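The residues making up each chain are set out below.
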Amino acid sequence: MNDGEFYCEAESATERFRGMALSRKSYRELGLRNLGGEYGIFICSERKDDSRAGFDVLAKAAGPDEAERIVKALSALDQGEG
């Protein structure tokens, strides 16, 4: 997952979650819609056992603090802590 600036990151046993900016090219190539455009902080996940598979965009955060909260919550849920 090497696209844009990272704002936050958390890991679970199986996935890596990141709040990150996406390039205009990646936004278009991923075919994202209904996320308010290519600017902002996107919440992404990547399987740790197969980083070549790329990443999934799960959501878009309102800002850096919200991105960090979402990323931490996702990693906790994936570890069975939520």
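The rules behind each value
- Just so you know, the residues in each chain are numbered from 1, in the order the chain's sequence is written.
- In keeping with the model being predicted, local features are shown solely for residues with a pLDDT of at least 70 and side-chain atom pairs are shown and tallied solely at 80 or more, while totals for entire chains, interfaces and linings include all residues.
- The side-chain quantities take in all heavy atoms of the structure and omit both hydrogens and water.
- By nonpolar core we mean a set of buried residues, namely Ala, Val, Leu, Ile, Met, Phe, Trp, Tyr and Cys, connected to one another through side-chain atoms within 4.5 Å.
- To sort residues, take the accessible area from a 1.4 Å probe on protein chains only and compare it with the maximum for the residue type: under 20% means buried, over 50% means exposed, and anything in between is partly exposed.
- Secondary structure counts use DSSP, requiring at least four H or I residues in a row for a helix and at least two E residues in a row for a strand, with both numbered from the N terminus.
- What makes two residues a contact is simply this: any of their non-hydrogen atoms within 4.5 Å.
- In this scheme, a helix's expected span is set at 1.5 Å multiplied by one less than its residue total.
- Regarding the arc, it is the one traced by the directions from the helix axis to the C-beta atoms.
- When DSSP locates at least two bridges between a pair of strands, those strands are taken to pair.
- Where helices are involved, their axes are fitted lines through C-alpha atoms of the stretch in contact, as for all axes, and angles between N-to-C directions lie from 0 to 180°.

Outline the nonpolar core, listing residues and values.
Counting 8 residues, the largest nonpolar core consists of Cys 8, Ala 10, Phe 17, Ile 41, Ile 43, Ala 61, Ala 67 and Val 71. Of all the secondary-structure elements, those providing two or more residues to this core are β1 (6-11), β3 (41-47) and α2 (64-78). Excluding residues that lie within four positions of it along the chain, Cys 8 makes contacts with Phe 17, Arg 18, Gly 19, Ala 67, Glu 68 and Val 71.

Just give me the short version of α2, but keep the residues and values in it.
Relative to the 21 Å expected for 15 residues at 1.5 Å per residue, α2 spans 21 Å between its end C-alpha atoms, a close match to the ideal helical length. All of the buried residues along α2 are Ala 67, Val 71, Ser 75 and Ala 76. Here the buried residues of α2 occupy an arc of 160° about the axis, which is enough to place them on one side. Exposed and oriented more than 90 degrees from the buried face of α2 are Asp 65, Arg 69 and Leu 77.

How would you sum up the sheet that holds strand β2 (residues 15-20)? Please name residues and give values.
Taken together, the 4 strands give an open sheet; going across it, the order is β1-β2-β3-β4, and neighbouring strands pair in antiparallel fashion. The two strands at the open ends of the sheet, each matched to only one other strand, are β1 and β4 (56-61). Neighbour-to-neighbour, the strand axes of this sheet turn through a mean angle of 20°, independent of strand direction. Pairing between β2 and β3: 6 bridges, direction antiparallel. What sits directly across from Glu 15, in β3, is Arg 47. Against the sheet, α2 makes contact with β1, β2, β3 and β4, and its axis sits at roughly 15° relative to β1, the strand it touches most.

So yeah, pure geometry; function would need other evidence.
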